[in-house]
Amino acid sequence: AKPTYGNVTINEDRPVTNRRKDIAEKLKSDQITQIQPQKLTLNLRAGEPQKFSLKFKRAEDYPIDLYYLMDLSDSMTQDLQNVKNLGTDLAREMQDLTSDLKLGFGSFLEKLVMPFVMTTPKKLENPCAPLSCAPPFSYRNVLSLTSNGQEFTDAVSRQKTSGNLDSPEGGFDAIMQAVVCKDIGWRNATRLLVFSTDAAFHFAGDGKLAGLVLPNDGKCYLEKNMYTKSAYFDYPTISQLADTLSEHNIQTIFAVNETVYPLYKELSDLIPKSAVGTLSGKSSNVIKLIIDAYNSLSSEVILENSKLPDGVSISFVSRCKNGVTGTGDNGRKCSNISIGDEINFDVTITTKGCPSKGKSETLHIKPLSYNEEVAVVLNYMCECECHKDAIPNSPECHSGNGTLECGICRWDYALLLLFLECVKCLMQQTGGAQSCPKECYFFSLRKVKKIEDLPPLTNEEFSRCKEQDNNDCFIHFSYATNATGAYMVMVDTPECTSGPELIPIVGGVIGGTVLIGLALLLIWKLLMIIHDRREFAKFEKEKMNAKWDTTQNPIYRSAVTTVVNPKYEGK
């Protein structure tokens, strides 16, 4: 039969979207295509690479969702004033990028437990006393995503700062809730989260200071737009935050004070598709910071794939602008991509074997922080094409006792269990009478005297076996199969070994144990006698060397006192 090779089939192939934002037609985000094709099927044969190409093009006028998450501690009072005008100003400045912009606003402070917030009734009402400020809180969704810039301005204008005890803030709690909660209103669009603060951050482990030992579970706990589990869970870990942002295709922009910029730069290095910008005094440059960060994030395209099945490998070659080509890790990405630029990636997938014989698996490839992805269905070709034409119970396989596949017989498993029972029967058979089952006589049997006379192990035509008979003896034989039956070479004398004598073994073990015990007891007794004699001799020696002093104790005083009357004259 002719060999069959693997191949690639394209199942969905919508072309990338070509349009301009100044035309009348407005498309929804799910009508825009930026990566092509969308689904492929790969038939993989072990060791044979399959290659396909992906095309990516940044669509013009793609919708943008921007959620502004702000630290409302008392030190951010002046920054809050500049953010109030962010809605209308940002929409005006970003009109060259998109005509479909939605803005949202959230604020955060700290967990409502000691030692992060003073929990006395008066401090919970006004933590800035004698000055006036709002009660403390953990995270509040002030405004879900909206296209109404004036609504954004009005909502931010109603906000007031608050106060807490320590310098780091609970911003990680706020990011987690803003990402996972559906109340925010994230669309199938470019998703940006702007995180604005002038302080450092708490992360997993810091909650133990307040007795919070339960790890953050990454779920939404918003009630009436307020986070309700701040005093129940610890802060999220950095890796948990990075994974959650990536999973929800959200790009993060850290707009921070100059004093904490180095800290957030290190944090940004751990979170894919994130950027850091320095806020000037009172956040007056926040719009420029957001636009610059957005352009920086959007100009780089990075492909990522889901977990690979066992034995499957993948490689990328990028073909970027101006003829730039990348391989290895650089083969997954292209930089300096502008709106309307078209780039290509060559993807090669190889399997070493059949990780999931009889099953298909699906691999997903997507641009990082984009909502679109490519589904790649992997089918494993583990058998030859001629197996499809197999003839079960073929008369060519000894009267229908096997399946004819690719020109040879594959023997039925039941029959194989039967060139084991026959071996035992044929070994015990004497004379010419056919006392074994009739199926046993399609064997071509030859007997030899010794195991060494069997076909050598290097002979790939024969398989060597050892089978135990009813007398607990072993029969050694080799066999080979062909289209007409089976050929067997058998040692005519079974290998029998006498079993061990149990009584002497058990008696020896018991006797040895008793002797060892007695020996140990005698050794202990001997050591104790030697020790006692040494101690007694030492006592006798000290007794002989002792000197007893009979001198009166110098501090002794008699209990009898004699007093003489000075007037007494002896009369």
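The structure we're discussing is the one just above.
Per chain, the residues get numbers from 1 upward, laid out in the order the sequence is written. Where totals are concerned, whole chains, interfaces and linings use all residues; where local detail is concerned, this predicted model gives features only for residues with pLDDT of at least 70, and gives and counts side-chain atom pairs only at 80 or more. Excluding hydrogens and water, the side-chain values take into account all heavy atoms of the structure.

So, about the overall build of the chain. Under the DSSP-based scheme used, a helix requires at least four consecutive residues in state H or I and a strand at least two consecutive residues in state E, with every element numbered from the N terminus. Along the backbone of the chain there are eleven helices and 25 strands. Of all 571 residues assigned to the chain, the portion counted as buried reaches 42%. Exposure categories follow from relative accessible area, calculated using a 1.4 Å probe and restricted to protein chains: below 20% of the type maximum is buried, above 50% is exposed, and the middle band is partly exposed.

This next bit is on the sheet that holds strand E2 (residues 35–36). Sheet architecture is open: five strands sit in the order E2-E4-E17-E14-E15, paired in antiparallel fashion. Each end of this open sheet is capped by a strand with a single partner; those strands are E2 and strand E15 (325–326). Between any two strands, pairing holds if DSSP finds at least two bridges. Two elements, strand E4 (residues 50–57) and strand E17 (residues 342–351), share eight bridges in a ladder whose sense is antiparallel. Looking at E17, one finds that Phe 56 is bridged to Ile 343.

We count a salt bridge whenever a side-chain nitrogen from Lys or Arg sits within 4 Å of a carboxyl oxygen from Asp or Glu. Enumeration over the complete set of coordinates arrives at twelve salt bridges. One salt bridge connects Asp 173 with Lys 111, and the closest N-O pair in it is separated by 2.7 Å. Taken as a pair, Asp 173 in helix H5 (residues 171–180) and Lys 111 in the loop between strand E6 (101–108) and helix H3 (121–125) lie far apart in primary sequence, 62 residues in all. As far as the burial class goes, Asp 173 and Lys 111 line up, both buried. When the shortest N-O distance is used, the salt bridge between Lys 288 and Asp 292 registers 2.8 Å. Within this pair, Lys 288 and its partner Asp 292 are both found in helix H8 (residues 286–298), separated by four residues, close to a single helical turn. What you see here is one network of salt bridges that share partners, running through Asp 65, Asp 100 and Arg 187.

So, about H8. Given a rise of 1.5 Å per residue, 13 residues ought to cover 18 Å, and the 18 Å separating the end C-alpha atoms of H8 matches this to within 8%. Along H8, the residues classified as buried are Val 286, Ile 287, Leu 289, Ile 290, Ile 291, Ala 293, Tyr 294, Leu 297 and Ser 298. The contact rule is simple, with two residues in contact once any of their heavy atoms fall within 4.5 Å. Buried-residue contacts for H8 involve strand E5 (64–71), helix H2 (86–93), strand E8 (190–197), strand E11 (250–256) and strand E12 (274–278). An expected span of 1.5 Å times one less than the residue number is assigned to each helix.

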